Amino acid sequence: MLNSLSREIRFLGKDKGAVFWLALAFTLSVIAVSFGVSEVREQRETIATLLEEDALDRASALEGHEEWGSAAYYAFHFTYAPPSDFAFASMGQRDTAPWKHRVRMLALEGQIHEADTRNANFGLVGRFDFAFLAASVAPLLLILLLYDLRASERTARRHDLLVATAGASSRLWLPRAIVRVGALATLLLAPLWVASAIEGTGAGMSLQASAIVIGSLLVWWLIVELVSRINATPSVLLTSLIGLWLALAIVVPALSKFAIEAANPVPDGGEILLLQRETVNDAWDLPKEATMDPFVAEHPEYAEHAVIEETWAWNWYYAFQQVGDQAAAPLVQQYRDARVARDRQAQIAAFLSPTSFVERSFEKLAGTDALSMIAYEDAVRDFHEELRAFHYPLMFPEAPYDEELLEDLPAYAPPS
């Protein structure tokens, strides 16, 4: 077997077409991980800069106030979802879902859904990252490397002679395929391993990612092997394999996505924003009881301070901000539940497409999947609840203003 492998390695070096495809695989892998590392570092630099500026801005905004309500109104708080140490390999949902917000004590849902960090270009064509390369491009390169191993020999009328000389078909084609698949896997993964070392990715995660890539290549190798056994010309085999690739990599995921989205309609974020803002704006013209009654239903501990006799009061103002969130809550829950349901069904549908399975597996490893983005939104909501829990006791009733107490303002902690 070792002699056969050595022979095939020498043959591979003389096959200019195969060398070209392998060199292209390595080049694309280098480009993909380089783009990923650059993007992740840019996001980390952005977060570090915004954290510093946020602290300075909030310190300035909290100076010179005499009321808790005005201090809460002008203070912004930066929230973010930091990229993981493997995010460079798969940017996933970070290209289409917000991963940073500046929030304050106003109605939260409007702040979450008015922020749109979606890059329109990436939303249309996607980002060329390692996950896309491993899921979609690598199978195509594998097809180009393997499709004519048998067919070219049949065309040259050497097939039967080579099989008779080798003694068994497996002794001839298996070593050749092993060398090509192994070379492709190595050249694809080498840049990923280097980038993982640079980014401090754990060895376990790197091994899992490598296993996913190798497993995908083995699946596609099996597909190519089965199709290439057909007694047909190389062009017919290539056309058939490209058709299978298009079906499994594009058609099946597209149809699955269409069916899943149709089965799980998601409310538009603009609907949530509009409902929340209409509720807040309407509160200015309604009797104060129309605001304070639903607020007290949510916070009965403030019932004895819920009678607002003044024309203006900060506690009334923040109460109708919260009532705006309460009005939007059912729609927000529907929005969240539908996204979770879509993600679960997409995970099941991914078993029909090796491409989808690889991409979703990489997103999960990298913490850039839909559930990770939902976890970030949940973390923002939890933090906003902490802000309310800090400020409400100072406003119901109005406690004497003491700027030193603001040093205990809650600090945002990103989701793990």
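What you see is a predicted model, and the numbers here were worked out from it, not measured in a lab. (Residues numbered from 1 in each chain as written. Predicted model: local features only at pLDDT ≥ 70, side-chain atom pairs only at ≥ 80, totals over all residues. Heavy atoms only, no water.)

Kindly report on the overall build of the protein chain, identifying the contributing residues and their values.
Counting its secondary structure elements, the protein chain contains 16 helices and two strands. Here the C-alpha radius of gyration of the protein chain, 29 Å, is well above what a compact globule of 416 residues would show, namely 22 Å. Considered along the principal axes of its C-alpha atoms, the protein chain spans approximately 100 × 40 × 30 Å. Taking all 416 residues of the protein chain together, the buried fraction comes to 48%. When contacts within the protein chain are restricted to residue pairs at least 6 apart in sequence, those whose partners lie at least 24 apart make up 81%. Counting 32 positive and 53 negative side-chain charges, the protein chain places the averaged centre of each group 23 Å from the other. (Helix = DSSP H or I, 4+ residues; strand = E, 2+ residues; numbered from the N terminus. Rg over C-alpha atoms; globule rule 2.2 N^0.38 Å. Buried < 20%, exposed > 50% of the residue type's maximum accessible area, 1.4 Å probe, protein only. Contact = heavy atoms within 4.5 Å. Lys, Arg positive; Asp, Glu negative; His and termini not counted. Charge placed at Lys NZ, Arg CZ, Asp CG, Glu CD.)

Could you give an account of the packing of aromatic side chains, naming the residues involved and the relevant values?
Taken as a whole, this structure holds 31 aromatic pairs when the rule is applied. Taking the centre distance of 5.0 Å and the plane angle of 25 degrees together, the rings of Tyr-302 and Phe-396 count as stacked. Linking Tyr-302 in the loop between helix H13 (288-298) and helix H14 (314-349) with Phe-396 in the segment after helix H16 (370-395), this pair joins segments that are 94 residues apart in sequence. The exposure class of Tyr-302 is buried, given its relative accessible area of 11%. Aromatic side chains Trp-312 and Tyr-317 sit 5.4 Å apart centroid to centroid with 45 degrees between the ring planes, which places their arrangement in the tilted category. (Phe/Tyr/Trp six-rings, centres within 6.5 Å; stacked < 30°, edge-to-face > 60°.)

Requested: an account of the confidence of the model for the protein chain, with residues and values cited.
Residues with a pLDDT of 70 or more make up 91% of the protein chain, whose mean pLDDT is 90. This model gives residues 116-125 a pLDDT under 50, and the stretch forms 13 contacts once residues within four places in sequence are excluded. (pLDDT = per-residue confidence, 0-100.)

Outline the nonpolar core, listing residues and values.
Ranked by internal contacts, the top residues of the largest apolar core, which has 58 residues, are Phe-130 and Phe-362. The set of elements that each furnish at least two residues to this core consists of helix H2 (16-61), helix H6 (130-146), helix H9 (169-199), helix H10 (203-228), helix H11 (234-263) and helix H15 (354-366). When residues no more than four places from it in sequence are discounted, the contact partners of Phe-362 are Phe-86, Ala-89, Ser-90, Phe-130, Ala-131, Ala-209, Ile-212 and Val-213. Counting residues in hydrophobic clusters, the runner-up holds 45 residues, among them Leu-62, Ala-72, Val-103 and Leu-108. (Core = buried A, V, L, I, M, F, W, Y, C linked by side-chain atoms within 4.5 Å.)

Talk me through the pairing of strand S1 (residues 77-80); I want residue IDs and the actual numbers.
Here S1 shows a buried face lined by His-77 and Thr-79 and a second buried face lined by Phe-78 and Tyr-80. Both S1 and strand S2 (residues 100-103) contribute to a ladder of four bridges, which runs antiparallel. Note on S2: the bridge partner recorded for His-77 is Val-103. (Pairing = 2+ DSSP bridges.)

Break down the pattern of salt bridges for me, citing the residues and quoting the values.
This structure, assessed with the given rule, holds 14 salt bridges. When the shortest N-O distance is used, the salt bridge between Asp-15 and Arg-180 registers 2.9 Å. Taken together, the residues span a long stretch of sequence, with Asp-15 in the loop between helix H1 (2-14) and H2 and Arg-180 in helix H9 at a distance of 165 residues. Among the salt bridges present, the one from Glu-225 reaches Arg-229, with a minimum N-O distance of 3.0 Å. (Salt bridge = Lys/Arg side-chain N within 4 Å of Asp/Glu carboxyl O.)

Residues and numbers for the packing of H10 against H11, please.
At a closest axis distance of 10 Å, the pairing of H10 and H11 adopts a crossing angle of 145 degrees. Between H10 and H11 lies a crossing of right-handed hand. Listed contacts from H11 to Trp-220, Ile-223, Val-224, Val-227 and Ser-228 of H10 are Leu-237, Ser-240, Leu-241, Leu-244, Trp-245 and Leu-248. Here the contact of H10 with H11 is built from residues that sort into nine nonpolar, two polar and no charged. (Axes fitted to C-alpha atoms, helices over the stretch in contact; angles between N-to-C directions. Left-handed = near helix turned anticlockwise from the far one by under 90°. Nonpolar A, V, L, I, M, F, W, Y, C, P; charged D, E, K, R; others polar.)

Could you give me a rundown of a negative patch on the surface, with the residues and numbers involved?
On the surface, a cluster of negative charge is made up of Glu-63, Asp-402, Glu-403, Glu-404, Glu-407 and Asp-408. Residue position: Glu-403 is located in the segment after H16. (Patch = residues over 30% accessible without salt bridge, like charges linked within 9 Å, V, L, I, M, F, W, Y side chains within 5 Å. Areas by Shrake-Rupley, 256 points an atom, 1.4 Å probe, with all protein chains shown as cover.)

Can you break down the packing of H13 against H14 residue by residue, with the values?
The interhelical angle for the contact between H13 and H14, taken along N-to-C directions, is 65 degrees, at an axis separation of 9 Å. Considering the angle they form, H13 stands roughly perpendicular to H14. Handedness of the crossing formed by H13 with H14: left-handed. Two secondary-structure elements touch here, H13 through Lys-288, Thr-291, Met-292, Pro-294, Phe-295 and Glu-298 and H14 through Trp-316, Ala-319, Phe-320, Gln-322, Val-323 and Gln-326. (Parallel < 35°, antiparallel > 145°, perpendicular 65-115°, else oblique.)

Tell me what's going on with the side chain of Asp-325, and back it up with residues and numbers.
Its place among the elements puts Asp-325 in helix H14. Among residues more than four places away in sequence, those in contact with Asp-325 are Ala-107, Leu-108, Glu-109, Gln-276 and Arg-388.

Explain the side chain of Arg-388 to me, and be specific about the residues and the numbers.
Relative to the assigned elements, Arg-388 resides in helix H16. Note on Arg-388: relative accessible area 4%, which makes it buried. Within polar-contact distance, the side chain of Arg-388 engages the side chain of Asp-325 at 2.9 Å. When neighbours within four sequence positions are excluded, Arg-388 is seen to be in contact with Met-105, Leu-106, Ala-107, Leu-108, Gln-321, Gln-322, Asp-325 and Pro-393. (Polar contact = N/O pair within 3.5 Å; in protein donor to acceptor, adjacent residues only side chain to side chain.)

A description of a nonpolar patch on the surface should follow, citing residues and the corresponding values.
Nonpolar side chains collect at one region of the surface, where Leu-246, Ile-250, Val-251 and Leu-255 lie side by side and expose about 340 Å² of accessible area between them. Along the chain, Leu-255 falls in helix H11.

Before we move on, can you summarise H15 with the specific residues and values?
Here H15 spans 18 Å end to end across 13 residues, near enough to the 18 Å set by a 1.5 Å rise per residue. Across the 13 residues that make up H15, a large majority, ten, are buried. Within H15, the full set of buried residues consists of Pro-354, Thr-355, Ser-356, Val-358, Arg-360, Ser-361, Phe-362, Glu-363, Leu-365 and Ala-366. Looking at the packing, one finds that the buried side of H15 touches H6, H10, H11 and H14. (Expected span 1.5 Å × (residues − 1).)

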